[in-house]
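Coordinate inspection notes
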Number of protein chains: 2
Amino acid sequence: MLGAPTRDRAAERRSATRREILDAAWALARERGLSDWTLRDVATRIGMRAPSLYSHFESKLAIYDAMFGQAWSEYEALVRDCITSPDVSGAPRTVIRSMSRLFFDFAVADLARYQLMNQRSIPGFTPSAQSFAPAVRVVRISIEQLTGMGVTDRGDVEIWFAILGGLIDQQLANDPGGHSRRDLLDRAVDMWADSVGLAPETPKKEQEQ
Amino acid sequence: MLGAPTRDRAAERRSATRREILDAAWALARERGLSDWTLRDVATRIGMRAPSLYSHFESKLAIYDAMFGQAWSEYEALVRDCITSPDVSGAPRTVIRSMSRLFFDFAVADLARYQLMNQRSIPGFTPSAQSFAPAVRVVRISIEQLTGMGVTDRGDVEIWFAILGGLIDQQLANDPGGHSRRDLLDRAVDMWADSVGLAPETPKKEQEQ
DNA sequence: GTCTATAGTTTGATAGAC
DNA sequence: GTCTATCAAACTATAGAC
């Protein structure tokens, strides 16, 4: 007698099509802006007609929702990699610099993605609980990291977030593709770290004090 | 013989209508979001029909442009008032706190206005040179103020801007209408001021050099 | 699942009478 | 300057054949 197939080829194909749709949407978002593309554009790019997309997503907002979840999941994976890597088991100053660079670089690498993840610029779009989950986890992990290095005041955490967000916004708005604010990142983070009392990275020889 | 009229009543009326249109657009932007209103909405609100607006503005983008210029002019006036007021001829620490609060409060008071002034969220909109002029002047004035208090490094200026912008974004995105980040403003600005070497506001008694 | 065909809406903008 | 009437275009979404 025949055994049941061990792979569900139909499901695999369906999942691949879903990914194709999302990839096309990302590409269009990067090329033209987060919301400057239509379902027709997406369909055309993958050799389909617009109505066919409705077999895979129930609306355009559902596509945004999937993209939102995808972006935050991707970033969550990076964060988890980062905090388990050897160079982040070191001095607090090293850790906070690594976390800051990770967030900055990820944000600046893709304007459309950053807008989707961190600004609410699409009318009517609110992420579903499922898509929002990885974002919540990233914030929790970040706070745990800071707590672990002695930063327990929630206000200090918010100020750190604000410094990062502010530099990112300026980089994207005033010097997209450049690195002027990236060059200021360590200085700004050190300023914050000094203020909250993190030990300096290289305590040369108990300099002054 | 008859003297020419000293007032141009037609011009006054025209200018008043223009202002009515802009006021209606602002109100709608605040109520529904920066771009969630139509020319029909604006017209209805002032008792007109949509096509009549074209006697006063050549397009919807032209309305945005006028709003952009209006917002920055308004802010420029506030800044000029602020820097000539008595309490800002004092210690650098006092001045920088005043400037920071002024910007923060103005930004947070109106989300739609902030988005129009500082983010590029309207597809196809670029401010005209004329509307952009007050924004340029505000930046110039701010830099002059900082220079006057000894902050000459451009990077330090950028970091100050970033801290302000970051706190504003967080306030608007995560606690609109609240004051959680406003409560952190002085702390964050002092952190920056300490780092760039501004004298403390109340130099109690040469504390720890 | 993908297609054709089209509904149903909304919108910025124009033409031309008054 | 304001109106009525209407265009032209764009877009999401649905119905139903294959």
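Residues numbered from 1 in each chain as written. Chains lettered and ligands numbered in written order. Predicted model: local features only at pLDDT ≥ 70, side-chain atom pairs only at ≥ 80, totals over all residues. Heavy atoms only, no water.

Here we take up the packing of helix α7 (residues 154-174) of chain B against helix α8 (residues 182-196) of chain B. Residue and element names in this part refer to chain B. Running from N to C, α7 and α8 cross one another at 165°; their axes reach a closest spacing of 11 Å. Relative to α8, the element α7 lies roughly antiparallel. For the element pair α7 and α8, the recorded crossing hand is right-handed. When α7 is examined against α8, the residues Asp156, Ile159, Trp160, Ile163, Leu164, Leu167 and Gln171 are found in contact with a partner set consisting of Arg182, Leu185, Ala188, Trp192 and Val196. Grouping the amino acids of the contact of α7 with α8 by side-chain chemistry returns nine nonpolar, one polar and two charged. (Axes fitted to C-alpha atoms, helices over the stretch in contact; angles between N-to-C directions. Helix = DSSP H or I, 4+ residues; strand = E, 2+ residues; numbered from the N terminus. Parallel < 35°, antiparallel > 145°, perpendicular 65-115°, else oblique. Left-handed = near helix turned anticlockwise from the far one by under 90°. Contact = heavy atoms within 4.5 Å. Nonpolar A, V, L, I, M, F, W, Y, C, P; charged D, E, K, R; others polar.)

Attention now goes to the relation of the copies chain A and chain B. In this structure, two copies of a chain are linked by a rotation about an axis accompanied by a shift along it. Rotating chain A by 180° about the axis while translating it 0.0 Å along that axis superimposes it on chain B, leaving an RMSD of 0.1 Å. Here the symmetry operator amounts to a two-fold rotation axis. Within chain A, Gly166(A) has its C-alpha nearest the rotation axis, a separation of 1.9 Å. In this assembly the copies share their binding face: 100% of the residues contributing to the interface of chain A also contribute to that of chain B. (Least-squares fit on C-alpha atoms with pLDDT ≥ 70 in both.)

Let's shift gears to the protein's contact with DNA strand C. Taken together, 16 residues lie near DNA strand C, and Arg14(A), Arg49(A), Ser52(A), Ser55(A) and His56(A) sit nearest. Here, DNA strand C places atoms within 4 Å of the protein, and 67% of those atoms are sugar or phosphate. The side chain of His56(A) places a nitrogen or oxygen atom 2.6 Å from a phosphate oxygen of DNA strand C. Within the contact set of DNA strand C, a phosphate oxygen lies 2.8 Å away from a side-chain nitrogen or oxygen of Tyr54(B). (Near = heavy atom within 4 Å. Polar contact = N/O pair within 3.5 Å; in protein donor to acceptor, adjacent residues only side chain to side chain.)

Turning next to helix α5 (residues 111-118) of chain B. Residues and elements named next belong to chain B. For α5, the buried fraction is high: six of the eight residues fall into the buried class. When we look at burial in α5, the residues that qualify are Ala112, Arg113, Tyr114, Gln115, Leu116 and Met117. On its buried side, α5 packs onto α1 (9-32), α3 (60-84), α4 (92-108) and α7. Between the side-chain oxygen at the start of α5 and the backbone nitrogen of alanine 112 there is a gap of 3.3 Å, and the oxygen is on aspartate 110. (Buried < 20%, exposed > 50% of the residue type's maximum accessible area, 1.4 Å probe, protein only.)

Contacts between the two partners involve 22 residues from chain A, matched on the other side by 22 residues from chain B. Taken together, both faces of the contact between chain A and chain B bury some 1800 Å²; the carbon and sulfur share is 60%. Counting the surface chain A buries against chain B, the share from its top three residues, Ile159(A), Arg187(A) and Met191(A), is 29%. Residues Asp153(A) and Arg187(B) are paired through a salt bridge, measuring 3.5 Å at the closest nitrogen-oxygen approach. At the boundary of chain A with chain B, the tally comes to eight residue pairs in polar contact (both at pLDDT 80 or more). For the side of chain A that touches chain B, the secondary structure elements donating two or more residues are α7 (154-174) and α8 (182-196) of chain A. (Buried area = accessible area lost by both parts, 1.4 Å probe. Salt bridge = Lys/Arg side-chain N within 4 Å of Asp/Glu carboxyl O.)

Here the focus is the domain arrangement of chain A. All names here are of chain A. Splitting chain A by domain gives domain 1 (9-58) and domain 2 (65-200). Computed over C-alpha atoms only, the centres of domain 1 and domain 2 are separated by 29 Å. At the junction of the two partners, domain 1 supplies nine residues and domain 2 supplies eleven residues. For the pairing of domain 1 and domain 2, the buried interface totals around 880 Å² over both sides, and the portion due to carbon and sulfur atoms is 76%. (Domains from an automatic or database assignment.)

Any two side chains of opposite charge can pair, given that their charged atoms come close. All names here are of chain A. According to the stated counting rule, one finds 34 salt bridges over all chains in the structure shown. Here arginine 137 makes a salt bridge to glutamate 76, at a shortest N to O gap of 2.7 Å. A residue pair is termed long-range when its members are at least 10 positions apart, and arginine 137 in helix α6 (residues 129-148) and glutamate 76 in helix α3 (residues 60-84) qualify at 61 residues. On the basis of relative accessibility, which here comes to 30%, the residue arginine 137 falls in the partly exposed class. Between aspartate 190 and arginine 97 there is a salt bridge, with its nearest N and O atoms 2.5 Å apart. Of the two residues, aspartate 190 is situated in helix α8 and arginine 97 in helix α4 (residues 92-108); the sequence distance between them amounts to 93 residues. Each member of the pair aspartate 190 and arginine 97 is classed as buried. Each of Arg93, Arg97, Asp190 and Asp194 takes part in a single network of salt bridges with overlapping partners.

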